[in-house]
Amino acid sequence: MSRPSTRWPKGCCALPPRPRGPHHTGRRRPGRQAYRNRVHPPLSAEAAGDERLLTCLPAVSDVLGTGHHAALGAGVRPGSTVAVVGDGAVGLCGVPAARRLGAERIIALGRHRARTDIARTFGATEVVAERGEEAVAAVRELTRGQGAHAVIEAVGTEQSMRTAVGITRAGGAIGWVGVPHGSGSGLDMRTLFDRNIAVRGGVAPVRSYLPELLPDVRDGTLDPAPVFDRTVDLAGVPDGYRAMDDRTALKVLVKPRSADHAGADPAGPTGRRLSLPPWETRQWTA
């Protein structure tokens, strides 16, 4: 396996071309919540029959790519100590992303035992269940008072960002991919300045990372499949969203049955006829 790149891709801040037609959700990024999406994965016939690989692909094009973006933003290097704030699908995928880049220690911060068990499976060396100042103190104790070289922030709240800043050692960096929500950012500019802490992040250009990540997923070096803890068919999609909203599911995999397509209107709701891919069963994430 070639040495993983630790640099962000060129043009990573550029938005992809605006999509046209029935797949468009109304935003400037390609929609994936449409009536139907046509996908052409670069898979051989053998790979297309690999159930493990087909389960991994929705993750590598979504949460794993985002976790990788956060690891790069945090400046993960061989031998570094990494802390991951957040035990959602993105935070969990930040663990194998950091391990792939050579992290020696990975401290996962999370309160849900089922999720932190996945983090350990992915390569986390320690787990911190505390929150807020107690979490900062716990990570500091684990790192002899210094903090982590690289911190992945995958929540987006004021408290989670304060925690991320508090556990980053002087001269370290935070990879920020948690979508901001709440009343404040949690960023104290004076603290960042005094301790030389860098903050890098934003929307992940996952498409730019696919050529690097896909080979490792194909050969089994990376296996993000454990983030999917529930599978539904098309009729179960509303229940899948509800389960994630209620925190009873981490990430839901949608596997349409052949029967789901049998009575579907190929014209879709727009009246424009859409050609179907040559395979019967397709997979998306909710």
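An account of the accompanying structure is given in this report. (Residues numbered from 1 in each chain as written. Predicted model: local features only at pLDDT ≥ 70, side-chain atom pairs only at ≥ 80, totals over all residues. Heavy atoms only, no water.)

## Regarding the pairing of strand 4 (residues 148-153)
Judged by how many residues are buried, strand 4 sits mostly within the fold: five of six residues are covered. In this structure, strand 1 (residues 81-85) lies alongside strand 4, joined through four bridges in parallel fashion. Following the sheet pairing, Ala 83 is matched in strand 4 by Val 151. Across five bridges, the pairing between strand 4 and strand 5 (residues 168-176) is parallel. (Buried < 20%, exposed > 50% of the residue type's maximum accessible area, 1.4 Å probe, protein only. Helix = DSSP H or I, 4+ residues; strand = E, 2+ residues; numbered from the N terminus. Pairing = 2+ DSSP bridges.)

## Brief notes about the sheet that holds strand 4
Backbone-to-backbone hydrogen bonds join strands into a sheet, with any given pair of strands oriented parallel or antiparallel. An order of 3-2-1-4-5-6 is seen for the six strands of this open sheet, with the pairing classed as parallel. Strands with a single pairing partner mark the edges of an open sheet, and in this sheet they are strand 3 (126-128) and strand 6 (198-201). Each neighbouring strand pair of the sheet contributes to a mean axis angle of 20°, computed without reference to strand direction. (Axes fitted to C-alpha atoms, helices over the stretch in contact; angles between N-to-C directions.)

## Observations concerning helix 7 (residues 158-166)
Every buried residue belonging to helix 7 is among Ser 160, Met 161, Thr 163, Ala 164, Val 165 and Gly 166, and all of these are buried. On the buried face of helix 7, the contacting elements are strand 1, strand 2 (105-109), helix 6 (132-142), strand 4, strand 5 and helix 8 (189-194). (Contact = heavy atoms within 4.5 Å.)

## A look at the state of the cysteines
Cysteine pairs can be covalently joined through their sulfur atoms, and such a bond is termed a disulfide. Enumeration over the complete set of coordinates arrives at zero disulfides. With no disulfide partner, Cys 56 has as its closest neighbouring cysteine sulfur the one in Cys 93, 9.7 Å distant. (Disulfide = S-S within 2.5 Å.)

## Focus on the packing of helix 6 against helix 7
Axis angle and axis distance: for two packed helices, these are the angle between their axes and the distance between the axes, and together they describe the pair. With their axes 9 Å apart at the nearest point, helix 6 and helix 7 run at an angle of 25° to one another. Judged by the inter-axis angle, helix 6 sits roughly parallel to helix 7. Handedness of the helix 6/helix 7 crossing: right-handed. In this structure, helix 6 uses Gly 132, Ala 135, Val 136 and Arg 140 to contact helix 7, whose residues at the interface are Gln 159, Thr 163 and Gly 166. (Parallel < 35°, antiparallel > 145°, perpendicular 65-115°, else oblique. Left-handed = near helix turned anticlockwise from the far one by under 90°.)

## Thoughts on the pairing of strand 2
A large share of strand 2 lies buried, amounting to four of its five residues. Of the strand pairs in this sheet, strand 1 and strand 2 are connected by five bridges, and their pairing is parallel. Bridging across to strand 2, Val 82 finds its partner in Ile 106. With helix 4 (residues 89-100) bridging strand 1 and the parallel strand 2, this β-α-β connection has right-handed handedness. Where strand 2 meets strand 3, three bridges bridge the pair, whose relative direction is parallel. Counterpart to Ile 107 in the pairing with strand 3 is Glu 126. (Right-handed = clockwise from strand over helix to strand, strands pointing away.)

## Focus on the pattern of salt bridges
Under the counting rule described, the total for this entry stands at 11 salt bridges. The residue Arg 100 makes a salt bridge to Glu 212 at a minimum N-O spacing of 3.1 Å. A residue pair is termed long-range when its members are at least 10 positions apart, and Arg 100 in helix 4 and Glu 212 in helix 9 (residues 206-218) qualify at 112 residues. A residue is classified by how much of its surface remains accessible, and Arg 100, at 12% relative accessible area, is buried. Each of Arg 100, Glu 212 and Asp 216 takes part in one network of salt bridges that share partners. (Salt bridge = Lys/Arg side-chain N within 4 Å of Asp/Glu carboxyl O.)

## Let's talk about the nonpolar core
Of all hydrophobic cores here, the largest spans 42 residues; its most connected members are Val 60, Val 76, Val 82, Val 95, Ile 152, Val 217 and Val 227. Only helix 2 (51-60), helix 3 (63-73), strand 1, helix 4, strand 2, helix 5 (113-122), strand 4 and helix 9 provide two or more residues apiece to this core. Considering every element that reaches this core, the biggest residue donor is helix 4, with six residues. If you look at the next biggest cluster of nonpolar residues, it comprises 18 residues, including Leu 109, Val 128, Val 165 and Ile 167. (Core = buried A, V, L, I, M, F, W, Y, C linked by side-chain atoms within 4.5 Å.)

None of the figures reported here should be taken as evidence of function without further support.
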